[in-house]
Amino acid sequence: RVDRLGRFVCGGHTEKGSTPQTAVYRLNTDLSVEKLLGPIRTCNAIAFSPTDGSMYFTDTMAGDPHIYRFRDYESTSMAGEMEAFAKPAGKPDGSALDTEGGLWNA
């Protein structure tokens, strides 16, 4: 996904085993690459609020997956406070935000 400042954010997937071996990365507008969070097992549900600069993320393969909100993403990246935002049934996957800031998850 691309954040509100035009930076591409993506993450990996640990194919085998239960040990987290990947991370969330960001390609900045100057083409530098930055590791934002890790280690994780499966990066999913990346979404960015159109209204307040928050970022949403889940590690789908975590033992008890939640969708987390990083309220201060635009100023602190994923180093800021990680707030448990929602605990959907099953394993959360892709997310999107509507124009009013409502989070929808597959």
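Shown above is the structure to which this text applies.
Residues numbered from 1 in each chain as written. Predicted model: local features only at pLDDT ≥ 70, side-chain atom pairs only at ≥ 80, totals over all residues. Heavy atoms only, no water.

1. Some thoughts on the nonpolar core
And then number 1: In terms of nonpolar packing, the biggest core is built from 12 residues, these being Val9, Val24, Leu36, Ile40, Cys43, Ile46, Phe48, Met55, Phe57, Phe70, Tyr73 and Met78.
And then number 2: Elements supplying a minimum of two residues to this core: strand 3 (33-40), strand 4 (43-48) and strand 5 (55-59).
And then number 3: Residues within four places of Phe70 in sequence aside, it is in contact with Leu37, Gly53, Ser54, Met55, Phe57, Ser77, Met78, Gly80, Glu81 and Met82. (Core = buried A, V, L, I, M, F, W, Y, C linked by side-chain atoms within 4.5 Å. Buried < 20%, exposed > 50% of the residue type's maximum accessible area, 1.4 Å probe, protein only. Helix = DSSP H or I, 4+ residues; strand = E, 2+ residues; numbered from the N terminus. Contact = heavy atoms within 4.5 Å.)

2. As for the sheet that holds strand 7 (residues 83-86)
And then number 1: Taken in spatial order, the four strands line up as 4-5-6-7 in an open sheet, and their pairing is antiparallel. Each edge of the open sheet carries a strand with a single partner, namely strand 4 and strand 7. Pairs of neighbouring strands in the sheet enclose a mean axial angle of 30°, with direction left out of account.
And then number 2: The sheet contact formed by strand 5 and strand 6 (residues 67-70) spans three bridges and is antiparallel. In the strand pairing of strand 6, Phe57 is matched with Tyr68. (Pairing = 2+ DSSP bridges. Axes fitted to C-alpha atoms, helices over the stretch in contact; angles between N-to-C directions.)

3. A closer look at the pairing of strand 5
And then number 1: The element strand 5 is largely enclosed, with a buried count of five among its five residues.
And then number 2: Residues of strand 5 alternate between two faces, with Met55, Phe57 and Asp59 on one and Tyr56 and Thr58 on the opposite face, all of them buried.
And then number 3: Alignment of strand 4 against strand 5, held across four bridges, turns out to be antiparallel. The partner of Asn44 across the bridge, within strand 5, is Thr58.

4. Some remarks on the pattern of salt bridges
And then number 1: One pass over the structure, following the stated rule, counts six salt bridges.
And then number 2: Linking Arg7 and Asp3 is a salt bridge whose minimum nitrogen-to-oxygen distance equals 2.8 Å. You'll find Arg7 and Asp3 in the same group, each marked buried.
And then number 3: Between Arg26 and Glu34 there is a salt bridge, with the nearest N and O atoms lying 2.8 Å from each other.
And then number 4: Accessibility expressed as a relative area gives 4% for Arg26, which makes it buried.
And then number 5: Its relative accessible area of 31% is what places Glu34 among the partly exposed residues.
And then number 6: Overlapping salt bridges bring together Arg69, Arg71 and Glu83 as one network. (Salt bridge = Lys/Arg side-chain N within 4 Å of Asp/Glu carboxyl O.)

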